[in-house]
Amino acid sequence: MVRRSIGRPGIGQIDPFLMLDEFTGSSAEGAGFPDHPHRGFKTVSYGIEGEKHHEDFLGNSGVIKAGGVQLMTAGRGIIHSEIPGKEVATGLQLWVNLKSQYKMVEPNYQELNKSQMTIAKTDGVEVVIVAGESMGKKSEIRTLTPSYYLDFKVAPGATHKQSIPKGWTAFCYTLKGSVSFGRNLKNVPAHHTVVFEKDGDDVEFSNNGYEEGRFVLIAGEPIGEPVEKHGPFVMNTKRGARGSD
């Protein structure tokens, strides 16, 4: 099963982000993505439960387990497969656009397992800093497109305010429980998306429910270049997106 957050009718691409999917399934059920290509952007695969096996045509292979992350810069092009294990796995995959100067770089990876992730806590709020910074701590992940990727868990009654550079695109996707956002504290249940205005410099949230809330907050600096998407190819021109350049 795939739930699409952004990159769908209603909430399309929001520069620099192209798509965010939450996937759940197992290889025993036939789930997974056999050999397929990518070009011109970066994927961020984040494990929530279970594990997902990855392999590409360059001979790279590995396993993304719960709490771990893999960043794959497709660059000039790569063919890979992503198959969950026999037990049900849940995870997120984010597609991040690249500036034109980076679209044809050599494919490369960054990977961190759960024990290598940067974590911060304060007053009932815990955050895994996949990319960017929060509560005075920074991730080890390097991003070609300046961005934050923060996995928050919020205890009942807790509240927090996360700084975001002004002018950046920012949105959240809820995973568990419910969380309230903004000054009006609108309650948002699991598996929903909230896109924030760009004129602020923080995101305020709280948990007014009776169970732990969990969500990812994703933010990035807009690129402001033309986007031409042809399936898994994302370039600046139609010719490039069709693989003709």
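Residues numbered from 1 in each chain as written. Predicted model: local features only at pLDDT ≥ 70, side-chain atom pairs only at ≥ 80, totals over all residues. Heavy atoms only, no water.

**Q** How would you explain the sheet that holds strand S3 (residues 33-38) if you had to name every residue and give the values?
**A** Spatially, S3-S8-S5-S6 is the arrangement adopted by the 4 strands of the open sheet, whose pairing is antiparallel. Of all the strands in the sheet, the pair left with one neighbour each is S3 and strand S6 (61-65). For this sheet, the mean inter-axis angle between neighbouring strands, taken without regard to orientation, is 25 degrees. Pairing of strand S5 (residues 51-56) with S6, which is carried by 5 bridges, proceeds in the antiparallel orientation. Counterpart to Glu55 in the pairing with S6 is Ser61. (Pairing = 2+ DSSP bridges. Helix = DSSP H or I, 4+ residues; strand = E, 2+ residues; numbered from the N terminus. Axes fitted to C-alpha atoms, helices over the stretch in contact; angles between N-to-C directions.)

**Q** Mind laying out the packing of aromatic side chains, listing which residues take part and the relevant values?
**A** Taken as a whole and assessed by the stated rule, the structure comprises 10 aromatic pairs. Consider the rings of Phe152 and Phe215, whose centres lie 5.3 Å apart with planes at 20 degrees: the pair is stacked. Pair noted here: Phe152 is in strand S15 (residues 147-154) and Phe215 is in strand S22 (residues 213-220), with a separation of 63 residues, a long-range link. Phe215 carries the same exposure label as Phe152, and that label is buried. For the ring pair Phe181 and Phe215, a centre distance of 5.1 Å and an interplane angle of 85 degrees mean the geometry is edge-to-face. Residue Phe181 is found in strand S18 (residues 178-181), and its partner Phe215 is found in strand S22; the two are separated by 34 residues along the sequence. The buried category is assigned to Phe215, whose relative accessible area is 0%. Cluster of aromatic residues (ring-pair linked, three or more members): Phe152, Phe181, Phe196, Phe205 and Phe215. (Phe/Tyr/Trp six-rings, centres within 6.5 Å; stacked < 30°, edge-to-face > 60°. Buried < 20%, exposed > 50% of the residue type's maximum accessible area, 1.4 Å probe, protein only.)

**Q** So what's going on with the pairing of strand S17 (residues 169-176)? Which residues, and what values?
**A** By the criterion of burial, S17 is predominantly enclosed, with 7 of the 8 residues buried. Of the strand pairs in this sheet, S17 and strand S20 (residues 193-196) are connected by 4 bridges, and their pairing is antiparallel. Bridging across to S20, Phe171 finds its partner in Val195.

**Q** Give a detailed account of the environment of Thr169, specifying residues and quantitative values.
**A** Here Thr169 shows up in strand S17. Accessibility expressed as a relative area gives 3% for Thr169, which makes it buried. On a C-alpha basis, the gap between Thr169 and Phe17 in space is 8.5 Å, while along the polypeptide they are 152 residues apart. Here the side chain of Thr169 touches Asp15 through a polar contact of 2.5 Å, landing on its backbone oxygen. (Polar contact = N/O pair within 3.5 Å; in protein donor to acceptor, adjacent residues only side chain to side chain.)

**Q** With reference to specific residues and values, describe the pattern of salt bridges.
**A** On inspection of all chains with the given rule, the structure shows 7 salt bridges. As a salt-bridge pair, Glu82 and Lys52 come within 3.2 Å of each other at their nearest N and O atoms. Here Lys52 lies in strand S5 and Glu82 lies in strand S8 (residues 78-84), a separation of 30 residues in the sequence. Neither Glu82 nor Lys52 differs from the other in exposure class; each is buried. A salt bridge links Asp151 to Arg214; the nearest nitrogen and oxygen atoms lie 2.7 Å apart. In this pair, Asp151 sits in strand S15 while Arg214 sits in strand S22, placing the two residues 63 residues apart along the sequence. Both residues of the pair, Asp151 and Arg214, belong to the buried class. (Salt bridge = Lys/Arg side-chain N within 4 Å of Asp/Glu carboxyl O.)

**Q** Lay out unusual backbone geometry in plain terms, naming residues and giving numbers.
**A** Between Asp15 and Pro16 the backbone carries a cis peptide bond, its omega angle lying at 15 degrees. The backbone of Asp123 shows a phi angle near 45 degrees, a positive value even though the residue is not glycine. Its location among the elements puts Asp123 in the loop between strand S11 (118-122) and strand S12 (125-131). Judged by its relative accessible area of 69%, Asp123 falls in the exposed class.

**Q** For the pairing of strand S7 (residues 69-73), give the residues involved together with the corresponding values.
**A** Most of S7 sits out of view: 5 of its 5 residues are buried. Burial along S7 is two-sided: Val69, Leu71 and Thr73 and Gln70 and Met72, pointing in opposite directions, are all buried. Pairing analysis gives 5 bridges linking strand S4 (residues 41-49) to S7, with the strands arranged antiparallel. Along S7, the bridge assignment pairs Val44 with Leu71. Sheet analysis places S7 next to strand S10 (residues 108-112), joined by 5 bridges and oriented antiparallel. By the bridge assignment for S10, Leu71 is matched with Gln110.

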